[in-house]
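# A look at the structure
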Amino acid sequence: MKPFIYDYNLDDLQEWAKENNEPAFRAGQIFDWVYVKRVSNFQDMSNLSKELRQKLEDQFQFVTLSEITKFESKDGTVKFLFGLHDDHAIETVVMKHNYGNSVCVTTQVGCRVGCTFCASTLGGLKRDLTAGEIVAQVVQAQKILDAKNERVSSIVIMGTGEPFENYDATMKFLRIMIHEKGLNIGQRHITVSTSGIVPNIYKFADENTQINLAISIHAPNDKLRSKLMPVNRRFPFDDVMESLRYYQAKTGRRISFEYALIGGVNDQPEHAQELAGVLKDMLCHVNLIPVNHVPERKYVRTSRSDIFQFQRILAENGVNVTIRREQGHDIAAACGQLRAKHMELR
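Model, not experiment: these values are computed from the prediction.

With that settled, the discussion passes to the UniProt feature "active site" (unreviewed entry) in the protein chain. According to UniProt, the "active site" (unreviewed entry) feature falls on E91 and C335. Positionally, E91 belongs in strand 3 (residues 89-97). On the basis of relative accessibility, which here comes to 4%, the residue E91 falls in the buried class. A polar contact of 3.0 Å, which involves the side chain of E91, links it to the side chain of K79.

This is how it looks when you write it as C-alpha coordinates:
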(Lines give C-alpha, C1' and ligand atoms only; values in the text may rest on other atoms or scores of the structure.)
Protein backbone atom coordinates (compact mmCIF):
# COMPACT_ATOMS: atom_id res chain seq x y z
CA MET A 1 0.00 0.00 0.00
CA LYS A 2 1.28 3.47 -0.87
CA PRO A 3 2.20 5.64 2.14
CA PHE A 4 -0.16 8.41 3.22
CA ILE A 5 0.94 11.96 2.34
CA TYR A 6 -0.26 13.00 5.82
CA ASP A 7 2.39 10.71 7.33
CA TYR A 8 5.08 13.05 5.97
CA ASN A 9 6.10 16.19 7.82
CA LEU A 10 7.94 19.02 6.09
CA ASP A 11 11.36 17.51 6.80
CA ASP A 12 10.21 14.20 5.35
CA LEU A 13 8.94 15.94 2.22
CA GLN A 14 12.22 17.80 1.81
CA GLU A 15 14.08 14.49 2.01
CA TRP A 16 11.63 13.00 -0.50
CA ALA A 17 12.17 15.93 -2.87
CA LYS A 18 15.94 15.46 -2.64
CA GLU A 19 15.68 11.74 -3.37
CA ASN A 20 13.49 12.51 -6.38
CA ASN A 21 15.77 15.21 -7.79
CA GLU A 22 13.33 18.01 -7.02
CA PRO A 23 14.37 21.38 -5.54
CA ALA A 24 13.85 21.67 -1.76
CA PHE A 25 11.28 24.47 -2.08
CA ARG A 26 8.87 22.00 -3.74
CA ALA A 27 8.42 20.34 -0.34
CA GLY A 28 7.09 23.61 1.07
CA GLN A 29 4.68 23.95 -1.83
CA ILE A 30 3.38 20.42 -1.32
CA PHE A 31 3.02 21.01 2.43
CA ASP A 32 1.07 24.20 1.71
CA TRP A 33 -1.30 22.43 -0.68
CA VAL A 34 -1.95 19.67 1.85
CA TYR A 35 -2.44 21.75 5.01
CA VAL A 36 -3.25 25.34 4.00
CA LYS A 37 -5.19 24.86 0.77
CA ARG A 38 -6.30 21.42 1.97
CA VAL A 39 -6.65 19.71 -1.40
CA SER A 40 -7.39 16.00 -1.54
CA ASN A 41 -6.10 15.34 -5.04
CA PHE A 42 -2.51 15.69 -6.21
CA GLN A 43 -3.66 16.92 -9.62
CA ASP A 44 -5.09 20.03 -7.93
CA MET A 45 -1.59 21.20 -6.96
CA SER A 46 -1.52 23.60 -9.87
CA ASN A 47 1.84 25.28 -9.30
CA LEU A 48 3.63 21.93 -9.56
CA SER A 49 4.64 20.45 -12.89
CA LYS A 50 2.51 17.69 -14.35
CA GLU A 51 5.45 15.34 -13.95
CA LEU A 52 5.78 16.12 -10.23
CA ARG A 53 2.05 15.80 -9.67
CA GLN A 54 2.11 12.40 -11.34
CA LYS A 55 5.11 11.37 -9.27
CA LEU A 56 3.21 12.26 -6.10
CA GLU A 57 0.16 10.36 -7.27
CA ASP A 58 2.26 7.32 -8.08
CA GLN A 59 4.02 7.28 -4.71
CA PHE A 60 1.47 8.58 -2.20
CA GLN A 61 -2.20 8.49 -1.32
CA PHE A 62 -4.46 10.65 0.78
CA VAL A 63 -6.08 9.08 3.83
CA THR A 64 -9.64 8.18 2.97
CA LEU A 65 -12.04 8.69 5.86
CA SER A 66 -15.40 7.52 4.58
CA GLU A 67 -18.27 8.88 6.62
CA ILE A 68 -20.25 5.91 7.95
CA THR A 69 -22.52 8.05 10.08
CA LYS A 70 -22.72 11.48 11.65
CA PHE A 71 -24.71 12.71 14.61
CA GLU A 72 -25.27 16.34 15.53
CA SER A 73 -26.16 17.30 19.07
CA LYS A 74 -28.43 20.15 20.03
CA ASP A 75 -25.38 21.73 21.75
CA GLY A 76 -23.47 21.88 18.44
CA THR A 77 -21.29 18.82 19.00
CA VAL A 78 -20.84 16.71 15.86
CA LYS A 79 -19.68 13.11 16.13
CA PHE A 80 -18.39 11.19 13.12
CA LEU A 81 -17.87 7.50 12.66
CA PHE A 82 -15.31 7.19 9.88
CA GLY A 83 -14.41 4.06 7.94
CA LEU A 84 -10.75 3.38 7.23
CA HIS A 85 -9.15 1.66 4.23
CA ASP A 86 -9.15 -1.73 5.99
CA ASP A 87 -12.83 -1.65 7.06
CA HIS A 88 -12.06 -0.63 10.62
CA ALA A 89 -13.97 2.33 12.04
CA ILE A 90 -12.90 5.25 14.24
CA GLU A 91 -14.65 8.13 15.95
CA THR A 92 -13.87 11.84 15.76
CA VAL A 93 -15.78 14.56 17.60
CA VAL A 94 -15.99 18.26 16.76
CA MET A 95 -17.09 20.39 19.71
CA LYS A 96 -18.17 24.01 19.64
CA HIS A 97 -17.15 26.18 22.57
CA ASN A 98 -17.49 29.88 23.24
CA TYR A 99 -13.74 30.16 22.61
CA GLY A 100 -13.72 28.22 19.31
CA ASN A 101 -13.87 24.76 17.80
CA SER A 102 -12.17 21.76 19.37
CA VAL A 103 -11.52 18.40 17.73
CA CYS A 104 -11.22 15.21 19.76
CA VAL A 105 -9.14 12.66 17.86
CA THR A 106 -8.63 8.92 18.07
CA THR A 107 -5.15 7.35 18.07
CA GLN A 108 -5.94 3.62 17.92
CA VAL A 109 -8.63 1.32 16.56
CA GLY A 110 -9.95 0.04 19.86
CA CYS A 111 -7.97 0.06 23.09
CA ARG A 112 -6.22 -2.48 25.29
CA VAL A 113 -5.98 -0.40 28.47
CA GLY A 114 -9.19 -1.99 29.75
CA CYS A 115 -10.78 0.75 31.88
CA THR A 116 -13.85 -0.98 33.29
CA PHE A 117 -16.19 1.99 32.76
CA CYS A 118 -15.21 2.84 29.18
CA ALA A 119 -16.79 1.74 25.89
CA SER A 120 -13.50 2.19 23.97
CA THR A 121 -12.05 -1.04 25.35
CA LEU A 122 -14.95 -3.21 24.20
CA GLY A 123 -13.46 -5.62 21.65
CA GLY A 124 -9.88 -4.80 22.62
CA LEU A 125 -7.17 -3.22 20.48
CA LYS A 126 -7.27 -3.86 16.74
CA ARG A 127 -4.33 -1.72 15.58
CA ASP A 128 -2.52 1.58 15.95
CA LEU A 129 -3.35 4.45 13.64
CA THR A 130 -0.55 5.98 11.62
CA ALA A 131 0.32 9.62 12.25
CA GLY A 132 -1.38 10.41 8.94
CA GLU A 133 -4.62 8.74 9.98
CA ILE A 134 -4.68 10.91 13.10
CA VAL A 135 -3.82 14.01 11.06
CA ALA A 136 -6.63 13.23 8.61
CA GLN A 137 -9.22 13.55 11.37
CA VAL A 138 -8.23 17.16 12.05
CA VAL A 139 -7.95 18.01 8.35
CA GLN A 140 -11.41 16.55 7.75
CA ALA A 141 -12.82 18.62 10.60
CA GLN A 142 -11.12 21.74 9.26
CA LYS A 143 -12.56 21.17 5.79
CA ILE A 144 -16.03 21.05 7.32
CA LEU A 145 -15.36 24.26 9.25
CA ASP A 146 -13.96 25.95 6.13
CA ALA A 147 -17.51 26.13 4.79
CA LYS A 148 -18.42 28.29 7.82
CA ASN A 149 -15.24 30.36 7.60
CA GLU A 150 -14.19 28.93 10.97
CA ARG A 151 -11.09 27.07 12.08
CA VAL A 152 -9.98 24.35 14.44
CA SER A 153 -8.71 26.28 17.44
CA SER A 154 -7.83 23.39 19.77
CA ILE A 155 -7.22 19.65 19.75
CA VAL A 156 -7.75 17.08 22.47
CA ILE A 157 -6.21 13.63 22.08
CA MET A 158 -8.86 11.96 24.18
CA GLY A 159 -10.66 9.75 21.69
CA THR A 160 -10.41 5.99 21.45
CA GLY A 161 -7.04 4.47 22.29
CA GLU A 162 -4.04 5.21 24.50
CA PRO A 163 -1.87 7.86 22.78
CA PHE A 164 1.22 6.91 24.75
CA GLU A 165 0.97 3.31 23.53
CA ASN A 166 1.14 4.75 20.01
CA TYR A 167 3.75 7.26 21.07
CA ASP A 168 5.81 7.85 17.94
CA ALA A 169 2.77 8.33 15.71
CA THR A 170 1.17 10.62 18.27
CA MET A 171 4.27 12.80 18.52
CA LYS A 172 4.62 13.01 14.75
CA PHE A 173 0.96 14.02 14.53
CA LEU A 174 1.53 16.73 17.12
CA ARG A 175 4.55 18.14 15.30
CA ILE A 176 2.58 18.31 12.06
CA MET A 177 -0.31 20.07 13.80
CA ILE A 178 1.84 22.79 15.39
CA HIS A 179 3.98 23.53 12.34
CA GLU A 180 3.72 27.23 11.50
CA LYS A 181 3.52 26.49 7.75
CA GLY A 182 0.64 24.06 8.20
CA LEU A 183 -2.47 24.18 10.39
CA ASN A 184 -0.40 26.10 12.96
CA ILE A 185 -2.37 25.04 16.04
CA GLY A 186 -0.94 26.68 19.17
CA GLN A 187 0.84 24.17 21.40
CA ARG A 188 -1.02 25.37 24.49
CA HIS A 189 -4.28 24.70 22.65
CA ILE A 190 -3.50 20.97 22.41
CA THR A 191 -3.99 18.44 25.20
CA VAL A 192 -2.83 14.83 25.14
CA SER A 193 -4.38 12.44 27.64
CA THR A 194 -2.84 9.23 28.95
CA SER A 195 -3.91 6.53 31.37
CA GLY A 196 -0.40 6.56 32.83
CA ILE A 197 2.12 4.83 30.54
CA VAL A 198 5.02 5.69 32.82
CA PRO A 199 8.05 5.33 30.48
CA ASN A 200 6.45 7.61 27.94
CA ILE A 201 5.43 10.21 30.52
CA TYR A 202 9.15 10.59 31.21
CA LYS A 203 9.82 10.69 27.48
CA PHE A 204 7.12 13.31 26.92
CA ALA A 205 8.58 15.44 29.72
CA ASP A 206 11.84 15.55 27.78
CA GLU A 207 10.22 16.57 24.47
CA ASN A 208 10.41 20.28 25.37
CA THR A 209 6.91 21.18 24.18
CA GLN A 210 4.19 23.45 25.52
CA ILE A 211 1.51 20.84 24.84
CA ASN A 212 -0.79 20.14 27.78
CA LEU A 213 -0.74 16.81 29.60
CA ALA A 214 -3.82 15.20 31.12
CA ILE A 215 -3.88 12.03 33.21
CA SER A 216 -6.84 9.71 33.60
CA ILE A 217 -6.54 8.97 37.30
CA HIS A 218 -10.09 7.97 38.40
CA ALA A 219 -9.03 6.81 41.88
CA PRO A 220 -6.97 8.17 44.80
CA ASN A 221 -5.04 4.99 45.58
CA ASP A 222 -3.41 1.93 44.05
CA LYS A 223 -5.98 -0.68 45.08
CA LEU A 224 -9.06 1.09 43.74
CA ARG A 225 -7.28 2.29 40.60
CA SER A 226 -6.23 -1.28 39.76
CA LYS A 227 -9.85 -2.35 40.08
CA LEU A 228 -11.05 0.37 37.71
CA MET A 229 -8.02 0.52 35.40
CA PRO A 230 -6.11 -2.72 34.76
CA VAL A 231 -3.25 -0.67 33.30
CA ASN A 232 -2.47 0.29 36.90
CA ARG A 233 -1.18 -3.25 37.46
CA ARG A 234 1.52 -2.57 34.86
CA PHE A 235 2.22 0.97 36.00
CA PRO A 236 1.28 1.30 39.67
CA PHE A 237 -0.22 4.46 41.12
CA ASP A 238 2.95 5.56 42.95
CA ASP A 239 5.06 5.13 39.81
CA VAL A 240 2.57 7.21 37.82
CA MET A 241 2.68 9.99 40.41
CA GLU A 242 6.48 9.92 40.50
CA SER A 243 6.64 10.28 36.71
CA LEU A 244 4.24 13.22 36.89
CA ARG A 245 6.40 14.95 39.49
CA TYR A 246 9.35 14.51 37.12
CA TYR A 247 7.26 15.96 34.29
CA GLN A 248 6.32 18.95 36.41
CA ALA A 249 9.88 19.54 37.63
CA LYS A 250 11.13 19.38 34.03
CA THR A 251 8.44 21.52 32.39
CA GLY A 252 6.92 23.69 35.12
CA ARG A 253 3.55 23.06 33.52
CA ARG A 254 0.23 22.39 35.20
CA ILE A 255 -1.13 18.85 34.95
CA SER A 256 -4.81 18.06 34.44
CA PHE A 257 -6.26 15.06 36.24
CA GLU A 258 -9.39 13.46 34.78
CA TYR A 259 -11.53 11.78 37.40
CA ALA A 260 -14.62 9.85 36.27
CA LEU A 261 -17.13 9.80 39.11
CA ILE A 262 -18.84 6.41 39.45
CA GLY A 263 -21.80 6.08 41.75
CA GLY A 264 -20.86 4.33 45.00
CA VAL A 265 -17.41 3.31 43.73
CA ASN A 266 -14.99 6.24 43.79
CA ASP A 267 -17.21 9.23 44.58
CA GLN A 268 -17.45 9.23 48.36
CA PRO A 269 -16.16 11.98 50.68
CA GLU A 270 -13.29 9.78 51.83
CA HIS A 271 -12.17 9.40 48.21
CA ALA A 272 -12.18 13.17 47.77
CA GLN A 273 -10.19 13.69 50.95
CA GLU A 274 -7.63 11.08 49.93
CA LEU A 275 -7.29 12.54 46.44
CA ALA A 276 -6.76 16.00 47.89
CA GLY A 277 -3.94 14.60 50.03
CA VAL A 278 -2.25 12.99 47.02
CA LEU A 279 -2.38 16.19 44.97
CA LYS A 280 -1.72 18.77 47.69
CA ASP A 281 1.81 19.69 46.55
CA MET A 282 1.20 19.58 42.78
CA LEU A 283 0.41 22.34 40.33
CA CYS A 284 -2.69 20.74 38.90
CA HIS A 285 -6.33 20.90 37.97
CA VAL A 286 -8.91 18.18 38.52
CA ASN A 287 -11.65 17.70 35.95
CA LEU A 288 -14.56 15.75 37.44
CA ILE A 289 -16.43 13.70 34.84
CA PRO A 290 -19.81 12.15 35.67
CA VAL A 291 -19.43 8.69 34.17
CA ASN A 292 -21.36 7.95 30.98
CA HIS A 293 -23.67 4.97 31.08
CA VAL A 294 -22.38 2.13 28.91
CA PRO A 295 -24.93 -0.69 28.44
CA GLU A 296 -22.21 -3.35 28.67
CA ARG A 297 -21.01 -1.94 32.02
CA LYS A 298 -22.94 -1.91 35.31
CA TYR A 299 -21.73 1.38 36.72
CA VAL A 300 -24.14 4.21 37.47
CA ARG A 301 -23.71 7.96 37.44
CA THR A 302 -22.96 9.80 40.64
CA SER A 303 -25.85 11.90 41.94
CA ARG A 304 -25.68 15.66 41.44
CA SER A 305 -25.44 16.26 45.19
CA ASP A 306 -22.48 13.86 45.49
CA ILE A 307 -20.75 15.46 42.50
CA PHE A 308 -20.97 18.88 44.13
CA GLN A 309 -19.90 17.49 47.49
CA PHE A 310 -16.81 15.89 45.90
CA GLN A 311 -15.97 19.17 44.19
CA ARG A 312 -16.43 21.12 47.42
CA ILE A 313 -14.11 18.85 49.41
CA LEU A 314 -11.33 19.19 46.83
CA ALA A 315 -11.75 22.96 46.65
CA GLU A 316 -11.72 23.30 50.46
CA ASN A 317 -8.39 21.47 50.43
CA GLY A 318 -6.89 23.90 47.95
CA VAL A 319 -7.26 21.77 44.81
CA ASN A 320 -8.26 23.57 41.61
CA VAL A 321 -11.33 21.63 40.42
CA THR A 322 -14.12 21.90 37.88
CA ILE A 323 -16.95 19.67 36.70
CA ARG A 324 -16.70 18.87 33.01
CA ARG A 325 -19.41 20.46 30.94
CA GLU A 326 -21.10 17.59 29.15
CA GLN A 327 -21.29 17.83 25.38
CA GLY A 328 -22.98 15.52 22.91
CA HIS A 329 -24.72 13.56 25.67
CA ASP A 330 -27.76 13.07 23.43
CA ILE A 331 -25.69 11.52 20.60
CA ALA A 332 -23.51 9.02 22.52
CA ALA A 333 -20.47 11.28 22.11
CA ALA A 334 -18.40 9.58 24.79
CA CYS A 335 -15.39 7.59 23.58
CA GLY A 336 -16.22 4.30 21.91
CA GLN A 337 -19.99 4.40 22.19
CA LEU A 338 -20.71 4.96 18.51
CA ARG A 339 -18.10 2.47 17.33
CA ALA A 340 -19.45 -0.13 19.78
CA LYS A 341 -22.93 0.25 18.31
CA HIS A 342 -21.50 -0.05 14.80
CA MET A 343 -19.66 -3.26 15.72
CA GLU A 344 -22.86 -4.78 17.11
CA LEU A 345 -24.61 -4.24 13.79
CA ARG A 346 -21.88 -5.78 11.60
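A few words now on the sheet that holds strand 9 (residues 212-216). Read across the sheet, 10 strands follow the order 1-2-3-4-7-8-9-10-11-12 without closing on themselves; strand pairing throughout is mixed. Of all the strands in the sheet, the pair left with one neighbour each is strand 1 (66-72) and strand 12 (320-323). Across this sheet, the average inter-strand angle for adjacent strands is 20 degrees, counted without regard to direction. One ladder, built from four bridges, connects strand 8 (residues 190-194) with strand 9; its direction is parallel. Bridge pairing in strand 9 places T191 opposite N212. Sitting on the sheet, helix 4 (residues 131-146) touches strand 2 (78-83), strand 3, strand 4 (100-104) and strand 7 (152-157), and the angle it makes with strand 7 is about 150 degrees. The strands touched by helix 11 (residues 304-316) are strand 10 (255-261), strand 11 (284-290) and strand 12; relative to strand 12, the strand with the most contacts, the crossing angle is about 165 degrees.

This brings us to the pattern of salt bridges. Applying the stated criterion across every chain, the model contains 15 salt bridges. In this structure, the salt-bridge partner of K79 is E91, at a minimum N-O distance of 3.0 Å. Of this pair, K79 sits in strand 2 while E91 sits in strand 3; the two residues are 12 residues apart in sequence, bridging distant segments of the chain. Both residues of the pair, K79 and E91, belong to the buried class. Note that R112 is salt-bridged to E165, the shortest N-O span being 2.9 Å. Linking R112 in the loop between strand 5 (108-110) and strand 6 (125-128) with E165 in the loop between strand 7 and helix 5 (167-178), this pair joins segments that are 53 residues apart in sequence.

On to the nonpolar core. Counting residues in hydrophobic clusters, the biggest one holds 101 residues, and the most contacted among them are Y6, M45, I155, F173, L244 and F257. It is helix 4 that contributes the most residues to this core, seven residues altogether. If you count residues domain by domain, this core takes at least three from each of domain 1 (5-59) and domain 2 (66-345). Beyond its immediate sequence surroundings of up to four residues, I155 is in contact with S102, V103, V105, V138, F173, M177, I185, H189, I190 and T191.

Counted residue by residue, strand 10 has six buried out of seven residues, so it is predominantly covered. As judged from the four bridges shared by strand 9 and strand 10, these two strands associate in the parallel manner. Bridge pairing links I215 to F257 in strand 10. Taken together, the seven bridges between strand 10 and strand 11 define a ladder with parallel strand orientation. Following the sheet pairing, Y259 is matched in strand 11 by L288.

Turning our eyes to something else, we now look at the environment of R233. Position of R233 among the secondary structure elements: in helix 8 (residues 231-234). C-alpha separation for the pair R233 and K223, spaced 10 residues apart in sequence, amounts to 9.4 Å.

Attention now goes to a negative patch on the surface. There is a patch of like negative charges on the surface, built from D222, D238, D239 and E242. Ranked by the residues each element gives to the negative patch, the list is headed by helix 9 (residues 237-251), at three residues. Within the element layout of this structure, D238 appears in helix 9.

Parameters and conventions
Residues numbered from 1 in each chain as written. Predicted model: local features only at pLDDT ≥ 70, side-chain atom pairs only at ≥ 80, totals over all residues. Heavy atoms only, no water. UniProt positions renumbered as here; feature names shortened; annotations may be inferred. Helix = DSSP H or I, 4+ residues; strand = E, 2+ residues; numbered from the N terminus. Buried < 20%, exposed > 50% of the residue type's maximum accessible area, 1.4 Å probe, protein only. Polar contact = N/O pair within 3.5 Å; in protein donor to acceptor, adjacent residues only side chain to side chain. Pairing = 2+ DSSP bridges. Axes fitted to C-alpha atoms, helices over the stretch in contact; angles between N-to-C directions. Contact = heavy atoms within 4.5 Å. Salt bridge = Lys/Arg side-chain N within 4 Å of Asp/Glu carboxyl O. Core = buried A, V, L, I, M, F, W, Y, C linked by side-chain atoms within 4.5 Å. Domains from an automatic or database assignment. Patch = residues over 30% accessible without salt bridge, like charges linked within 9 Å, V, L, I, M, F, W, Y side chains within 5 Å. Areas by Shrake-Rupley, 256 points an atom, 1.4 Å probe, with all protein chains shown as cover. Lys, Arg positive; Asp, Glu negative; His and termini not counted. Charge placed at Lys NZ, Arg CZ, Asp CG, Glu CD.

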